[in-house]
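Now for the letters of each chain:
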Amino acid sequence: MPMPKKYSTKRKIVIVVALCCLLVGGILYQLADRYLIEHVEVVVAAETVSSAAKTVNDLSASSTNSSEVVSDDWNYSSDNTTISIKQVVTGSGSDQITYYVADVQVSDASLIQSAFADNSFGRNITEDTSDIAADHEAVFAINGDYYGFRSDGVIIRNGILYRNEPAREAVALYADGTMAAYDEEEVSAETLLANGVLQTLSFGPALIQSGELVQDLDNVKIDTNFGNRSISSSNPRTGIGMISPNHYVFVVVDGRSDESRGMTLDEFAQVFDGLGATEAYNLDGGGSSTMYFMGRVVNNPQGKQEERGVSDILYLGEG
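Residues numbered from 1 in each chain as written. Predicted model: local features only at pLDDT ≥ 70, side-chain atom pairs only at ≥ 80, totals over all residues. Heavy atoms only, no water.

1. Some thoughts on the pairing of strand E10 (residues 160-165)
Here comes step 1: Inspection of the sheet shows strand E9 (residues 153-157) paired to E10 by five bridges, in the antiparallel sense. Bridge pairing in E10 links Val 154 to Asn 164. (Pairing = 2+ DSSP bridges. Helix = DSSP H or I, 4+ residues; strand = E, 2+ residues; numbered from the N terminus.)

If you want it as structure tokens, here you go:
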């Protein structure tokens, strides 16, 4: 006996609705898996953390007994490290820009270290910059490249290779105190390690190379990830530059607020050029942009004194 037509129609509707729910549910799960669900690949053991900090302790121990740290809200000085931070405000009204420059000199490049959120390497593992910094007793820190937002890139941290998926223009910090941008698809991770690379950061683009400003930054394209804003327009920024070996400048720009509109990439590059940087590289910005010093956040993250969780930081400890 054939099924009544009205029941047949209802059954089709139920099937269609069920299939739609499965499809939407699958898409939502894929998005959550890509952008929200933590994927821990490596838990950094305590001895690894201690090893990464060993050089700092060794350098401190080698200092004279008369060594003493001198510091205030904007400066820090020891036998091995000097940090000087200044706030710069330019323009006015809707064109005002507020940014922070940290001039850093170290006796050894290994004093600049990296740390992961929750001491774990993987995707979507985040903590506030200040929390990661405090966990590692950092004197100074900035957010890194947010490597955990993606699954590619060459990630070397404190001399250890964690990921080897070449994808973009990255920057390398070497044991001799120099830094330089490089193409991940042209220089192997093995070569980097053999040449003494301590840290790589995979974001971009390079702003200054070999003393020359990179041209046409307004048209640069980095990654096209879900939810990303334009990389070249006015935004909060974080970047690292090198003036000379073991002499670095870190710059964090506030934005998206009444106090600061942020900077374009070209403006950001000009700042590093004006500071005398011979190399400079753009790191993760936007809501991630954070500068930490002596137990406090120096800048105004997200324009509302509210940090956004990140996957990693660069920092300096007592040294």
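2. What to know about the side chain of Thr 238
Here comes step 1: Assignment of secondary structure puts Thr 238 in strand E16 (residues 237-244).
Here comes step 2: Excluding its chain neighbours within four sequence positions, the residues that come into contact with Thr 238 are Ile 142, Asn 143, Val 251, Val 252, Phe 268, Asn 282, Leu 283, Asp 284, Gly 285, Ser 289 and Thr 290. (Contact = heavy atoms within 4.5 Å.)

3. What about the environment of Asp 152?
Here comes step 1: Looking at the element boundaries, Asp 152 is found in the loop between strand E8 (138-143) and E9.
Here comes step 2: Residues Asp 152 and Arg 168, spaced 16 residues apart in sequence, show a C-alpha to C-alpha distance of 8.9 Å.
Here comes step 3: A polar side-chain atom of Asp 152 sits 2.7 Å from a polar atom in the side chain of Arg 168. (Polar contact = N/O pair within 3.5 Å; in protein donor to acceptor, adjacent residues only side chain to side chain.)

4. Let's talk about unusual backbone geometry
Here comes step 1: Residue Pro 205 is reached from Gly 204 by a cis peptide bond, and omega for that bond is 5°.
Here comes step 2: With respect to the helices and strands, Pro 205 occurs in the loop between strand E13 (197-201) and strand E14 (206-209).
Here comes step 3: One non-glycine residue with positive phi stands out, namely Glu 137, at about 55°.
Here comes step 4: Within the fold, Glu 137 resides in the loop between helix H3 (129-135) and E8.
Here comes step 5: A relative accessible area of 64% places Glu 137 in the exposed class.
Here comes step 6: The residue Asp 216 is not glycine, and still its phi comes out positive at about 60°.
Here comes step 7: Inspection of the secondary structure assignment puts Asp 216 in the loop between strand E15 (212-213) and E16.
Here comes step 8: Given the relative accessible area of 51%, Asp 216 is considered exposed. (Buried < 20%, exposed > 50% of the residue type's maximum accessible area, 1.4 Å probe, protein only.)

5. Describing the nonpolar core
Here comes step 1: Judged by nonpolar contacts, the single largest core of 61 residues is most densely connected at Tyr 99, Phe 140, Ile 240, Phe 250, Phe 272, Tyr 281 and Met 291.
Here comes step 2: Sort the elements by how many residues they give to this core and strand E5 (residues 97-106) lands first, with seven residues.
Here comes step 3: If sequence neighbours within four positions are ignored, Phe 272 has contacts with Leu 207, Ile 208, Gly 239, Ile 240, Gly 241, Val 249, Val 251, Ala 277 and Ala 280.
Here comes step 4: In this structure, Ala 115, Ala 138, Ala 141 and Ile 313 belong to the second largest nonpolar core, which totals eleven residues. (Core = buried A, V, L, I, M, F, W, Y, C linked by side-chain atoms within 4.5 Å.)

6. Regarding the pattern of salt bridges
Here comes step 1: Across all of its chains, the model carries five salt bridges by this definition.
Here comes step 2: Between Arg 157 and Asp 145 there is a salt bridge whose closest N-O contact spans 2.9 Å. Of this pair, Arg 157 sits in strand E9 while Asp 145 sits in the loop between E8 and E9; the two residues are twelve residues apart in sequence, bridging distant segments of the chain. Each member of the pair Arg 157 and Asp 145 is classed as buried.
Here comes step 3: Among the salt bridges present, the one from Arg 168 reaches Asp 152, with a minimum N-O distance of 2.7 Å. Placement of the pair is Arg 168 in the loop between E10 and strand E11 (169-174) and Asp 152 in the loop between E8 and E9, with a sequence separation of 16 residues.
Here comes step 4: Given the relative accessible area of 10%, Arg 168 is considered buried. (Salt bridge = Lys/Arg side-chain N within 4 Å of Asp/Glu carboxyl O.)

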